[in-house]
Amino acid sequence: MTYRLVCIFEVSKTSTLLRVEVCLDTGSNSLSPFQRRVSLHSLWTSVKEETKKLLMLLEQTGQQSQPFSFTEEQLRQDEIQTLLYAYSWCYTKYESKGSSVKRSLSIENILPKRLYCKERQKGLLLGGELLITSLNAWGKHIEVRLRYQDAIIAFHPIYTEIPFLTLSNRWYQRDKSSEEQLLAMLGDGFERESGLLNLNDYDVERLRQLSDRGWTVYIPREGKKYQLVKAKRNKSGIIWFTSKDDDNDDISDRLLTAYLQDRNYQEADDKITLLRKQDALEIDSEVIASLIAPNQNLQGLYREEKDFTPDELDQIDKSLAYNLHACLKPYQYEGVIWLKRMRKNNCGCLLADDMGLGKTIQVLAHLSTITDAVGMHVVIAPTSLIDNWQNEIAKFVPEMKERIEIVTYDMVRLHLESYQQKEYDTIVIDEGQIIKNQDTQKYKAIGQLNAKHRIMLTGTPIENSIQEIWAHFGILIPATIPLYKHLQQKGFNAGERQWIELSRALLSPFILRRTKE
């Protein structure tokens with residue numbers, strides 16, 4: 001919708017006043033009905049270029065909403081008369097009874113005597129304002145305004161020679177040089193003609209930098225009002241803007257909720273928070289887990305990893321040299337150390353290297369270094385791979401032949417009671433994608449076995465949906481089962497991308513995947 005501003009001079013015997021009305025720009029020369037609920041701010045993006053100088057004049061005299069009008073004293077100003085002479089849409093209404101509004105081709109005899117001013121004093125530029133126009137998309141179409149000392153309102157960033165009127169009823173010139181320096185801070189994304197700033201990817205860091213350099217940030221509230229928001233940063237480096245400054249700098253819950261709702265702001269308890277939803281992935285995994293499942297004891301799951309001392313690493317190397325009849329490739333050695341670390345931290349884990357990278361030898365090398373085993377190790381594999389496991393054990397760790405039991409999925413399912421009575425040290429589940437469905441008998445049977453540590457091997461951890469990886473961890477780390485259920489409830493409306501990214505944040509500490517590339 002396009003609007004047109006029309007100047008209506010109301011002429012009496014004693015004075016001349018100017019009333020500015022808003023009409024729809026229908027393309028004709030006739031006056032359309034006046035639109036008296038349109039604000040000055042909304043007009044900036046809905047009028048033609050020829051009208052914008054008149055908008056600047058309204059702004060410079062402190063007018064924000066209708067009725068727009070000018071006194072005779074204001075009409076005497078040199079620069080104002082120059083602007084009005086050049087404006088096309090001028091009309092006249094005389095005081096006499098029954099007089100109608102008529103188009104004026106010349107207003108020379110209507111305007112009061114002009115006051116010439118050779119040079120006006122420059123006003124003091126205090127800083128800039130950034131007006132968020134929409135909470136739903138707060139990084140886009142941010143209105144830029146310039147604030148001068150004692151000015152009635154802030155100004156559009158397009159410079160004009162038209163003077164501005166102060167609260168003390170004095171006229172000042174805008175400071176072009178100072179404005180240029182201030183606007184240069186906005187950088188890419190600032191459109192001078194429209195007076196709008198667009199931030200890429202809800203860049204709260206850039207908004208904070210502008211805030212630190214004198215730009216004030218406002219958000220929209222009811223009744224066409226704006227409220228100041230201030231930047232905050234927590235110890236993790238996450239930045240947000242809040243409408244209420246308090247001592248609680250924990251953004252985690254608000255950030256996670258906004259992320260799951262797929263929006264970049266949060267509104268609660270009369271407090272509005274501007275944030276970048278993707279920063280939810282910067283929250284510590286333990287904090288995310290505690291927010292999703294607050295009544296579950298998950299502290300031990302995400303505690304800081306216990307790493308190996310030089311002496312422990314030396315002992316691992318000696319065990320490999322003595323027990324393993326093979327030379328590991330560097331990435332395979334790294335895989336062994338990772339498996340050892342997962343065991344040390346009591347975390348079940350998923351080794352998801354591409355097929356052909358040697359998952360079997362990495363597991364056997366790991367088992368060969370265990371000196372505190374509490375029982376037999378068991379490998380659960382498809383029937384087609386039983387011979388392969390037997391051959392690999394005989395080839396790489398022949399001394400462990402009597403300490404590793406090899407069974408099929410169906411053997412565990414059919415003779416579950418017998419296997420339940422055993423206390424295994426390590427359960428190795430090969431081709432884990434076979435039991436991705438939590439409702440199968442195989443899945444339920446394996447989940448009931450007793451072991452100190454659980455390892456799953458698969459080259460395809462996810463074949464169809466993100467639920468498959470959670471099913472794997474229901475066996476590897478049973479504590480993730482309630483976590484997954486709570487995540488389903490809290491993230492009911494979350495999109496697929498949020499599910500994948502949150503799942504990665506919560507489960508990636510327990511997954512090692514390398515591709516052939």
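Now for a description of the structure that goes with this document.

Parameters and conventions
- Residues numbered from 1 in each chain as written.
- Predicted model: local features only at pLDDT ≥ 70, side-chain atom pairs only at ≥ 80, totals over all residues.
- Heavy atoms only, no water.
- Helix = DSSP H or I, 4+ residues; strand = E, 2+ residues; numbered from the N terminus.
- Rg over C-alpha atoms; globule rule 2.2 N^0.38 Å.
- Buried < 20%, exposed > 50% of the residue type's maximum accessible area, 1.4 Å probe, protein only.
- Contact = heavy atoms within 4.5 Å.
- Areas by Shrake-Rupley, 256 points an atom, 1.4 Å probe, with all protein chains shown as cover.
- Lys, Arg positive; Asp, Glu negative; His and termini not counted.
- Charge placed at Lys NZ, Arg CZ, Asp CG, Glu CD.
- Polar contact = N/O pair within 3.5 Å; in protein donor to acceptor, adjacent residues only side chain to side chain.
- Patch = residues over 30% accessible without salt bridge, like charges linked within 9 Å, V, L, I, M, F, W, Y side chains within 5 Å.
- Salt bridge = Lys/Arg side-chain N within 4 Å of Asp/Glu carboxyl O.
- Phe/Tyr/Trp six-rings, centres within 6.5 Å; stacked < 30°, edge-to-face > 60°.
- Lys NZ or Arg CZ within 6 Å of the ring centre and 35° of its normal.
- Axes fitted to C-alpha atoms, helices over the stretch in contact; angles between N-to-C directions.
- Parallel < 35°, antiparallel > 145°, perpendicular 65-115°, else oblique.
- Left-handed = near helix turned anticlockwise from the far one by under 90°.
- Nonpolar A, V, L, I, M, F, W, Y, C, P; charged D, E, K, R; others polar.
- Pairing = 2+ DSSP bridges.
- Core = buried A, V, L, I, M, F, W, Y, C linked by side-chain atoms within 4.5 Å.

1. Focus on the overall build of the protein
And then number 1: A count of helices and strands for the protein gives 18 helices and 22 strands.
And then number 2: The globule rule puts the C-alpha radius of gyration for 517 residues at 24 Å, and the 36 Å found for the protein is more than 25% above it.
And then number 3: Summarising its shape, the C-alpha atoms of the protein cover approximately 115 × 45 × 40 Å along the three principal directions.
And then number 4: Out of the 517 residues in the protein, the part that is buried amounts to 51%.
And then number 5: The long-range share in the protein, meaning contacts at least 24 apart out of those at least 6 apart in sequence, stands at 65%.
And then number 6: Carbon and sulfur atoms make up 47% of the accessible area of the protein, which totals about 25,900 Å².
And then number 7: If you average the places of the 67 positive and of the 70 negative side-chain charges in the protein, the two averages end up 6 Å apart.

2. A look at the environment of Asn136
And then number 1: Positionally, Asn136 belongs in the loop between strand S6 (125–131) and strand S7 (142–148).
And then number 2: Sequence spacing of Asn136 and Asn264 is 128 residues, and the spatial spacing of their C-alpha atoms is 7.1 Å.
And then number 3: If we skip the residues at most four places from it in the chain, Asn136 touches Tyr202 and Tyr265.
And then number 4: A distance of 3.3 Å separates the side chain of Asn136 from the side chain of Tyr265, its partner in a polar contact.

3. Quick word on a nonpolar patch on the surface
And then number 1: Taken together, Leu31, Phe34 and Val101 make up a surface patch of nonpolar side chains, about 200 Å² in accessible area.
And then number 2: Along the chain, Val101 turns up in the loop between strand S4 (90–94) and strand S5 (102–103).

4. Quick look at the packing of aromatic side chains
What describes a pair of aromatic rings is the distance from one ring centre to the other and the angle between the planes of the rings.
And then number 1: Overall, the coordinates contain 8 aromatic pairs when judged by the stated rule.
And then number 2: Over the aromatic face of Trp89 sits the side chain of Arg4, whose NZ or CZ is 3.7 Å from the ring centroid.
And then number 3: One residue, Arg263, lies across the ring of Tyr265, its end atom 4.7 Å from the ring centre.

5. With respect to helix H7 (residues 252–260)
And then number 1: Among the 9 residues that make up H7, 8 are buried, leaving the element largely enclosed by the rest of the structure.
And then number 2: Residues Ser252, Arg254, Leu255, Leu256, Thr257, Ala258, Tyr259 and Leu260 constitute the buried set of H7.
And then number 3: Where H7 ends, the next residue or the one after it, Asp262, has phi of about 60 degrees, a positive value.

6. Examining the pattern of salt bridges
And then number 1: One pass over the structure, following the stated rule, counts 33 salt bridges.
And then number 2: One salt bridge connects Arg147 with Glu129, and the closest N-O pair in it is separated by 3.2 Å. Within this pair, whereas Arg147 is found in strand S7, its partner Glu129 is found in strand S6, the two being separated by 18 residues in sequence.
And then number 3: Accessibility expressed as a relative area gives 26% for Arg147, which makes it partly exposed.
And then number 4: The class for Glu129 is buried, based on a relative accessible area of 9%.
And then number 5: One salt bridge in this structure joins Glu501 and Arg497, with 3.2 Å as the shortest N-O distance. One end of the pair, Glu501, and the other, Arg497, are both in helix H18 (residues 496–507), 4 residues apart, so they sit about a helical turn from each other.
And then number 6: Under the relative-accessibility criterion, Glu501 is labelled buried at 16%.

7. Re the packing of helix H16 (residues 467–476) against H18
In a pair of packed helices, the angle between the axes and the distance between the axes together describe the arrangement.
And then number 1: Relative to each other, H16 and H18 sit at 25 degrees, their axes nearing to 11 Å. Relative to H18, the element H16 is oriented roughly parallel. Considering only the axes of H16 and H18, their crossing is left-handed. Here Ile469, Trp470 and Phe473 of H16 come into contact with H18, specifically with Ser503, Leu506 and Leu507.
And then number 2: Looking at the contact of H16 with H18, its residues break down into 5 nonpolar, 1 polar and no charged.

8. Observations concerning the sheet that holds strand S18 (residues 377–381)
And then number 1: The 6 strands are arranged S19-S18-S20-S21-S17-S22 in an open sheet whose pairing can be described as parallel. With one partner strand each, in any of the chains shown, strand S19 (404–408) and strand S22 (511–512) form the two edges of the open sheet.
And then number 2: Bridge analysis of S18 against S19 gives 5 bridges, and the strand direction is parallel. Note on S19: the bridge partner recorded for His377 is Ile404.
And then number 3: Helix H11 (residues 359–368) contacts strand S17 (349–351), S18, S19, strand S20 (423–429) and strand S21 (450–457) of the sheet and is inclined by roughly 155 degrees relative to S21.

9. Quick word on the pairing of strand S1 (residues 3–11)
Look at any regular strand and the pattern is simple: side chains alternate between the two faces of the sheet.
And then number 1: With 8 of 9 residues buried, S1 is to be regarded as a mostly interior element.
And then number 2: Alignment of S1 against strand S2 (residues 16–24), held across 9 bridges, turns out to be antiparallel. Residue pairing in the sheet places Tyr3 in a bridge with Leu24 of S2.
And then number 3: Of the strand pairs in this sheet, S1 and S4 are connected by 5 bridges, and their pairing is parallel. Residue pairing across strands places Glu10 opposite Lys93, the latter belonging to S4.

10. With respect to the nonpolar core
And then number 1: Within the largest apolar cluster, 86 residues are counted, with the highest numbers of intra-cluster contacts made by Ile380, Trp470, Leu483 and Leu506.
And then number 2: Take this core: its biggest share by element is 6 residues, from H16.
And then number 3: Beyond its immediate sequence surroundings of up to four residues, Ile380 is in contact with Val407, Thr408, Tyr409, Val412, Ile427, Val428, Ile429, Asp430, Ile446 and Leu449.
And then number 4: Val47, Leu75, Leu197 and Ile272 belong to the second-largest nonpolar core, a separate cluster that totals 71 residues.

11. Things to note about the sheet that holds S4
And then number 1: With mixed pairing, the 5 strands of this open sheet are ordered in space as S3-S2-S1-S4-S5. Strand pairing shows two members of the sheet lacking a second neighbour, strand S3 (68–70) and S5, which therefore form its edges.
And then number 2: With 2 bridges connecting them, S4 and S5 associate as antiparallel partners. Within the sheet, the bridge partner assigned to Tyr91 lies in S5 and is Arg103.

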